[in-house]
Amino acid sequence: MASNPERRAALVDAGVEVLAREGARGLTFRAVDAAAGVPVGTASNYFTGRGDLLRQIDTRLHVRLAPDPSVLAELTARPKDRALVTAFMQDLMTRATHDRTGYLALLEMRLEATRRPELRESFTKSLRGDLEEGMEFHRDMGLPGGDETVVVLYLAMLGLILEHLTLPGVLEGVLPGVGVPEGLVERVVGVVVGEG
């Protein structure tokens, strides 16, 4: 198994691109090699199989889609109120929009996890860990609402991101005078956290 970390990272990022563009069925080593611009057979030297590649894509997506530490530092210095919760959700939407490919790959990973029990187990553990980390962060920050607030925000934002990245026309003008996605993010937080 080859051990060039830079090449491995490039292959994993190429896998993200292929997954987002062609779906899990199109995620082959040959397609990853082509997307990375490397000779045919290179990916097979770096991954033990498709499941290994998918697990490494999962790990890479958590890095790619994580909050920027400088943005996080700026946000955590603000008052701990609904406006801050809105700012966190706006940051999430901004990250989803700026790395549309990464979020689409994440959605494809969800679909593939329904077909592959071994991926389902690791991916469920990964996403559940993210959710629990978000709940702990919310509590530690002293933000309004509790664990239920975080879970409902998670579900609402997941739906909003899904629509915005895949079929944005569904949401355009659905609430007159409410911008997509920023205005909808504000509405989601207002409904879940409360207007107070």
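Preceding this paragraph is the structure being described.
Residues numbered from 1 in each chain as written. Predicted model: local features only at pLDDT ≥ 70, side-chain atom pairs only at ≥ 80, totals over all residues. Heavy atoms only, no water.

Novice: How would you sum up the pattern of salt bridges? Please name residues and give values.
Specialist: Tallying each qualifying case throughout the model produces 13 salt bridges. For Arg115, the salt bridge identified is with Glu112, shortest N-O distance 2.9 Å. With a relative accessible area of 43%, Arg115 lands in the partly exposed category. Classification of Glu112 by relative accessible area gives buried; the value is 5%. (Salt bridge = Lys/Arg side-chain N within 4 Å of Asp/Glu carboxyl O. Buried < 20%, exposed > 50% of the residue type's maximum accessible area, 1.4 Å probe, protein only.)

Novice: Please provide a residue-by-residue account of the packing of aromatic side chains, values included.
Specialist: Two numbers describe a pair of aromatic rings. These are the distance of the centres and the angle of the planes. Counting across every chain of the model gives two aromatic pairs. Ring geometry for Phe29 and Phe47: centres 6.2 Å apart, planes at 35°, overall tilted. Linking Phe29 in helix H2 (residues 29-36) with Phe47 in the loop between H2 and helix H3 (50-64), this pair joins segments that are 18 residues apart in sequence. Residue classification places Phe29 among the partly exposed residues on the basis of a relative accessible area of 23%. Residue Phe47 is classed as buried on the basis of its relative accessible area, which comes to 2%. (Phe/Tyr/Trp six-rings, centres within 6.5 Å; stacked < 30°, edge-to-face > 60°. Helix = DSSP H or I, 4+ residues; strand = E, 2+ residues; numbered from the N terminus.)

Novice: Would you mind going over helix H9 (residues 182-193) in detail, with residue names and values included?
Specialist: The end-to-end C-alpha distance of H9 is 16 Å, a good match for the 16 Å that 12 residues give at a rise of 1.5 Å each. Among the residues making up H9, those that are buried are Gly183, Leu184, Val185, Val188, Val189 and Gly190. Residues of H9 that are buried in the fold lie against helix H5 (82-98) and helix H8 (147-166). A positive phi of about 105° marks Gly194, the residue just after H9. (Expected span 1.5 Å × (residues − 1). Contact = heavy atoms within 4.5 Å.)

Novice: I'd like a description of the nonpolar core, backed by residues and values.
Specialist: Counting 53 residues, the largest nonpolar core has Leu19, Leu27, Ile57, Leu61, Tyr103, Met109 and Met157 as its most contacted members. Secondary-structure elements contributing two or more residues to this core are helix H1 (5-22), H2, H3, H5, helix H6 (100-113), helix H7 (117-141), H8 and H9. With eight residues, H5 is the largest single contributor of residues to this core. Once residues lying within four places of it in the same chain are set aside, the contact partners of Leu27 are Gly15, Val18, Leu19, Val32, Arg50, Leu53, Leu54 and Ile57. (Core = buried A, V, L, I, M, F, W, Y, C linked by side-chain atoms within 4.5 Å.)

Novice: Would you mind going over the packing of H3 against H6 in detail, with residue names and values included?
Specialist: Where H3 contacts H6, the axes come no closer than 10 Å and their chain directions differ by 140°. As judged from the angle between their axes, H3 and H6 are oblique. Crossing geometry of H3 relative to H6 is assigned as left-handed. Facing H3, whose interface residues are Arg50, Leu54, Ile57, Asp58, Leu61 and Arg64, H6 presents Thr101, Gly102, Ala105, Leu106, Met109 and Glu112. (Axes fitted to C-alpha atoms, helices over the stretch in contact; angles between N-to-C directions. Parallel < 35°, antiparallel > 145°, perpendicular 65-115°, else oblique. Left-handed = near helix turned anticlockwise from the far one by under 90°.)

Novice: Give me H3: which residues, what numbers.
Specialist: With 15 residues, H3 should reach 21 Å at 1.5 Å per residue; the first-to-last C-alpha distance of 20 Å fits that figure. For H3, every residue scored as buried is listed here: Gly51, Asp52, Leu53, Leu54, Ile57, Asp58 and Leu61. Taken together, the buried residues of H3 touch H1, H2, H6 and H7.

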